[in-house]
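Coordinate inspection notes
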Amino acid sequence: MVHVIKDFCIYAGGSILLRGMSALLAPFILHVISPTDYGTLALITSLIALLTPVAGLGLRQVLSIEYFHHDASGRAQLIQIIIQIYLVCALPLLLMVCLLQTCWLTPCNPLLLGCGIAIAFLHFFVELLYQLLRYEQRSILLITIQLGSALITACCTLAFLYQTQLGIASILLAQLITL
C-alpha cells in the first residue's frame, strides 16, 4: 500500500511540474509567434495527435495485454516483435502521408509537416519506454526522464525561437530533438 501511495505522489508531482513548465513557457512563445502561426502550430499538433495512435496500430495495447504473461526473456522478445511490426507498418504509412500532403495540406510548409510526421513516428518509442518503466515500477526514473525532456524542450524552444527566428518550426524542432 505504501508503494502505491509513493508512486501516486511521484506521478502527481511530476505531472504538476510538467504542466507548470508548459504554462510558464506559453507567454514566451506567444510573445514571438503570430496568432496565424499559433493556429498553424495547433493544426500540426492536431495532426501529430491523430497520426500517433493511427501509426501505433494498437501495439502498445498489445503490450499491456501480453506483457505480464511472459518471463523476462519472453518480454524482451515481445517488445522486439512489437517494434518490428511498428517499423514495418508505420514507416510506409507515414511516408504515404508525406506524399499525400500535397493533396490536402498544400499551404503547409514541408519543414513543419516533416517535423510533425517525425514527431508522430518517434512518439511511439517514447510512450513505449514510459509504459515499460511504469510496468517495471520505475516511477522516479520515469518522472526524471519526463522532467529532463521537458526542460530540454523548453530550453531548445526558447533558444530556437529567440536565436534562429524560425517561428513555429522552432517549437517543432525542439520537440523533435528531445524525442
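Being a predicted model, the structure only gives us computed values, none of them experimental.

1. Side note on the packing of aromatic side chains
- Summed over all chains, the structure comprises 8 aromatic pairs.
- A ring pair is formed by Y67 and Y135, whose centres lie 5.1 Å apart and whose planes are at 40°; its orientation type is tilted. Of the two residues, Y67 is situated in the loop between α3 (59–66) and α4 (72–104) and Y135 in helix α5 (residues 110–135); the sequence distance between them amounts to 68 residues.
- Note on Y86 and F121: the rings are 5.4 Å apart at their centroids and 25° apart in plane angle, and the pair reads as stacked. Taken together, the positions of Y86 in helix α4 and F121 in helix α5 put the pair 35 residues apart, joining distant regions of the chain.
- Counting every residue linked through ring pairs, the aromatic cluster contains Y86, F121, F124 and F125.
- Directly above the aromatic system of Y67 lies the positively charged group of R75, at a separation of 4.4 Å from the ring centroid.

2. Considerations on the state of the cysteines
- If you walk through the whole model with that rule in mind, you get 0 disulfides.
- Free of any disulfide, C155 has its nearest neighbouring cysteine sulfur in C156, separated by 7.0 Å.
- Owing to a relative accessible area of 49%, C155 belongs among the partly exposed residues under this scheme.

3. What to know about the side chain of T178
- Along the polypeptide, T178 turns up in helix α7 (residues 168–178).
- At 2.7 Å, the side chain of T178 forms a polar contact with the side chain of T153.
- Setting aside anything within four residues of it in sequence, one finds T178 in contact with S149, I152 and T153.

4. Focus: the environment of A55
- Relative to the assigned elements, A55 resides in helix α2 (residues 35–56).
- What makes A55 buried here is its relative accessible area of 0%.
- Once you skip the residues sitting within four places of it in the chain, A55 turns out to touch Y86, A90, L93 and L94.

Calculation criteria
- Residues numbered from 1 in each chain as written.
- Predicted model: local features only at pLDDT ≥ 70, side-chain atom pairs only at ≥ 80, totals over all residues.
- Heavy atoms only, no water.
- Phe/Tyr/Trp six-rings, centres within 6.5 Å; stacked < 30°, edge-to-face > 60°.
- Helix = DSSP H or I, 4+ residues; strand = E, 2+ residues; numbered from the N terminus.
- Lys NZ or Arg CZ within 6 Å of the ring centre and 35° of its normal.
- Disulfide = S-S within 2.5 Å.
- Buried < 20%, exposed > 50% of the residue type's maximum accessible area, 1.4 Å probe, protein only.
- Polar contact = N/O pair within 3.5 Å; in protein donor to acceptor, adjacent residues only side chain to side chain.
- Contact = heavy atoms within 4.5 Å.

Keep in mind these values describe shape, not function.
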